[in-house]
Amino acid sequence: MMHTELTSTPDRQRFVYIETMGCQMNVYDSERMGEVLSSEQYAPTDDRSTADLIIINTCSVRDKSEHKMVSMLGKLRPLKEHNPELVLAVSGCVAQQEGEKLLKRVPHLDLVVGPDQIADLPVMVRNAREQRSRATATRFIHKNDYEFIEAQAPADGRVTSFVTVMKGCNKFCSFCIVPSTRGREVSKPSDKVVSEVQMLVDSGIREVTLLGQNVNSYGLDKRGRKGVGGELDFSGLIDRIAAIDGLERIRFTTSHPMDCSDRLIDAFGRQPKLMPWFHLPIQSGSERVLRMMRRRTIVEDYVDRIERLRKARPDIAMSTDIIVGFPGESRADFEQTLELLRRVRYSSIYAFIYSPRPGTAAARIEDDIPLAEKKERLYAVQQLQNAVTAKWLQSFDGAELDVLFEGPSRLHSRGQKSNSIVARAVGGPPQLMGRTPHNVKVNVETTDFYALRDWPGQIAKVRIDHVGNHSLNGSLVAFR
Ligand code: SAH
Ligand code: SF4
Ligand code: F3S
């Protein structure tokens with residue numbers, strides 16, 4: 001041991017560039033990777049040309065996301081040829097899915113690190129750096145031994161943060177790769193969640209978004225469906241978090257309809273810190289397709305839950321995920337999806353063309369719908385939803401809404417030109433971005449010279465005076 005210590009390169013400041021693809025879970029994991037690497041003197045950088053370590057944190061939910069990784073790896077090749085000292089790693093869901101095979105296929109890749117192995121990243125990186133060893137770590141850790149990596153206080157002045165409360169998925173929908181890339185459901189102990197949120201609030205966070213592949217299954221791995229194992233369920237967890245002074249807003253994502261309990265529905269009526277925003281993926285409006293997808297959801301039960309949610313919280317903004325072109329989806333099945341969108345009137349949706357994923361049950365069914373037809377269905381879904389979303393946003397015109405300010409408006413800080421009132425703000429008075437309770441972005445222009453310093457983290461009443469396609473513009477009425 002002593003020997004390795006003595007011969008290792010003298011410590012100097014090193015830089016890590018992390019490219020994050022995929023879902024919020026990867027965003028959270030990338031932050032934890034950045035933090036654990038500080039033990040090896042790596043500081044984050046946005047400039048990959050000067051980085052000593054590059055990590056691509058990948059997603060494999062659709063083939064498109066996987067292609068993104070392949071193209072990024074291609075781009076990094078010249079960099080690696082130029083600087084043989086550079087360590088190149090792939091993490092996340094493609095790493096888990098492909099393992100060793102990735103190292104074989106990509107000669108300039110050093111490390112493949114699965115989502116359960118982030119704690120080992122510093123040692124793996126050190127070995128790669130000092131011994132030029134190439135390695136793969138993709139073992140899943142059993143739920144009894146699983147330790148969530150502790151988050152550190154953010155130092156960038158942000159006011160909202162993700163907090164992972166559970167990982168993995170036990171649902172095995174036939175189209176989905178996530179159960180094989182993230183392993184089984186494991187809940188973070190509620191005491192740990194609470195102390196993480198408290199730490200975040202102490203460092204200026206006002207809003208948390210609780211993360212997991214199925215957050216509403218929180219605690220089931222510890223307490224069972226009968227609730228005997230001594231852990232809180234998801235609504236109990238929300239209540240505990242809501243009791244934290246200084247925390248203003250709670251959101252969560254994502255949920256499977258199956259574990260959307262009555263207690264969770266009640267929480268929306270009872271808990272003012274729980275924001276009226278709920279992403280509840282259905283995937284299809286056809287019972288037949290849902291069965292083929294193994295979604296364990298009945299459309300009428302789902303719609304009934306939404307009705308109850310709307311009783312508990314009349315203004316709740318519902319959103320969903322839709323897959324079009326699942327194998328065997330007939331025109332009539334597809335029409336039922338459109339019908340569901342008309343019935344529920346979501347405030348927004350994410351719609352995807354079905355993409356066969358390796359090793360999933362659906363990948364064994366013939367992918368029988370021509371791409372042109374799939375694209376047409378996607379377009380139809382998006383057209384319908386755009387109209388519904390526009391009408392919903394329009395309903396805020398002239399309203400006074402509570403806005404939590406986050407920082408400079410992106411349009412403003414990027415100096416982009418646009419035909420809205422934003423254009424006038426470029427180089428002019430400060431413009432700030434905040435969000436409404438329904439998670440809609442609002443840009444507010446002000447003559448307050450200190451707004452960029454003082455407003456982030458504060459909630460104010462804002463009057464909406466312009467409705468855009470995806471965001472709003474408003475003017476400050478008063479701080480709370
Ligand atoms: N746990 C969540 C979803 C996680 S994956 C849930 O159960 O609802 C995010 C979304 O990606 C899914 O809701 C689905 O709409 C989409 N998706 C997953 N696998 C896909 C595939 N093979 N092809 C197309 N879209 C897919
Ligand atoms: Fe995938 Fe289904 Fe699990 Fe969601 S619930 S992550 S869609 S397997
Ligand atoms: Fe993608 Fe993995 Fe998230 S497949 S969507 S990064 S859980």
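Thresholds applied
Residues numbered from 1 in each chain as written. Chains lettered and ligands numbered in written order. Predicted model: local features only at pLDDT ≥ 70, side-chain atom pairs only at ≥ 80, totals over all residues. Heavy atoms only, no water. Near = heavy atom within 4 Å. Nonpolar A, V, L, I, M, F, W, Y, C, P; charged D, E, K, R; others polar. Buried < 20%, exposed > 50% of the residue type's maximum accessible area, 1.4 Å probe, protein only. Helix = DSSP H or I, 4+ residues; strand = E, 2+ residues; numbered from the N terminus. Pairing = 2+ DSSP bridges. Salt bridge = Lys/Arg side-chain N within 4 Å of Asp/Glu carboxyl O. Contact = heavy atoms within 4.5 Å. Axes fitted to C-alpha atoms, helices over the stretch in contact; angles between N-to-C directions. Parallel < 35°, antiparallel > 145°, perpendicular 65-115°, else oblique. Left-handed = near helix turned anticlockwise from the far one by under 90°. Phe/Tyr/Trp six-rings, centres within 6.5 Å; stacked < 30°, edge-to-face > 60°. Lys NZ or Arg CZ within 6 Å of the ring centre and 35° of its normal.

Further remarks concern the site of ligand 3. Within the structure, ligand 3 sits among Cys23, Asn26, Thr58, Cys59, Ser60, Val61, Cys93, Arg182 and Gln213. In terms of residue class, the shell around ligand 3 is built from 4 nonpolar, 4 polar and 1 charged.

To continue, consider the pairing of strand E11 (residues 249-253). When you tally the buried positions in E11, you get 5 out of 5 residues, the bulk of the element. With burial as the criterion, each face of E11 is covered, one bearing Arg249, Arg251 and Thr253 and the other bearing Ile250 and Phe252. Sheet analysis places strand E10 (residues 207-211) next to E11, joined by 5 bridges and oriented parallel. The partner of valine 208 across the bridge, within E11, is isoleucine 250.

Taken together, Cys169, Lys171, Phe172, Cys173, Phe175, Cys176, Val178, Pro179, Asn214, His256 and Arg295 form the complete shell of residues around ligand 2. When its residues are assigned to classes, the shell around ligand 2 shows 7 nonpolar, 2 polar and 2 charged.

Side chains carrying opposite charge are able to pair once their charged atoms draw close together. One pass over the full model with this rule turns up 40 salt bridges. We note a salt bridge from arginine 270 to aspartate 239, for which the minimum N-O separation is 2.7 Å. Remark: aspartate 239 occurs in helix H10 (residues 234-242) and arginine 270 occurs in helix H11 (residues 262-270); sequence separation between them is 31 residues. Residue arginine 270 is classed as partly exposed on the basis of its relative accessible area of 42%. Classification of aspartate 239 by relative accessible area gives partly exposed; the value is 28%. The residue glutamate 373 makes a salt bridge to arginine 377 at a minimum N-O spacing of 2.8 Å. In this pair, glutamate 373 and arginine 377 are both assigned in helix H15 (residues 371-394), 4 residues apart and thus about one turn of the helix distant. Put simply, Glu31, Arg32, Glu35, Asp156 and Arg158 are held in one network by salt bridges that share partners.

The next subject is the pairing of strand E17 (residues 441-445). In the sheet, strand E16 (residues 431-435) pairs with E17 via 5 bridges, with the strands oriented antiparallel. Residue pairing in the sheet places arginine 435 in a bridge with lysine 441 of E17. The antiparallel pairing of E16 with E17 creates a hairpin that spans 5 residues between the two strands, and asparagine 439 there sits at a positive phi of about 70°. When E17 meets strand E19 (residues 471-479), the two strands line up parallel, connected through 4 bridges. In the sheet register, asparagine 443 faces E19, and the bridge partner there is asparagine 473.

Once that is clear, we can look at the side chain of arginine 32. Counting through the fold element by element, arginine 32 comes out in helix H2 (residues 24-36). With sequence-adjacent residues up to four places away left out, arginine 32 is seen in contact with Ile149, Glu150, Ala151 and Gln152.

This part covers the environment of asparagine 26. Mapped onto the fold, asparagine 26 is located in helix H2. Exposure remark for asparagine 26: the relative accessible area of 2% places this residue in the buried category. Sequence spacing of asparagine 26 and serine 49 is 23 residues, and the spatial spacing of their C-alpha atoms is 23 Å.

At a closest axis distance of 7 Å, the pairing of H11 and helix H13 (residues 299-312) adopts a crossing angle of 30°. By the angle between their directions, the pair H11 and H13 is classed as roughly parallel. In terms of crossing hand, the pair formed by H11 and H13 is right-handed. Residue-level inspection shows Asp262, Ile265, Phe268 and Gly269 of H11 in contact with H13, the latter providing Arg305, Arg308, Leu309 and Ala312. Broken down by class, the residue content of the contact of H11 with H13 amounts to 4 nonpolar, 1 polar and 3 charged.

The full count for this structure, using the stated rule, is 11 aromatic pairs. Here the aromatic rings of phenylalanine 405 and tryptophan 455 are separated by 4.9 Å at their centres, their planes lie at 45°, and the arrangement is tilted. In this pair, phenylalanine 405 sits in strand E15 (residues 400-408) while tryptophan 455 sits in the loop between helix H18 (451-454) and strand E18 (459-467), placing the two residues 50 residues apart along the sequence. A relative accessible area of 0% places phenylalanine 405 in the buried class. The class for tryptophan 455 is buried, based on a relative accessible area of 2%. Arginine 62 extends its terminal NZ or CZ atom over the ring of phenylalanine 352, reaching a point 3.7 Å from the ring centre.

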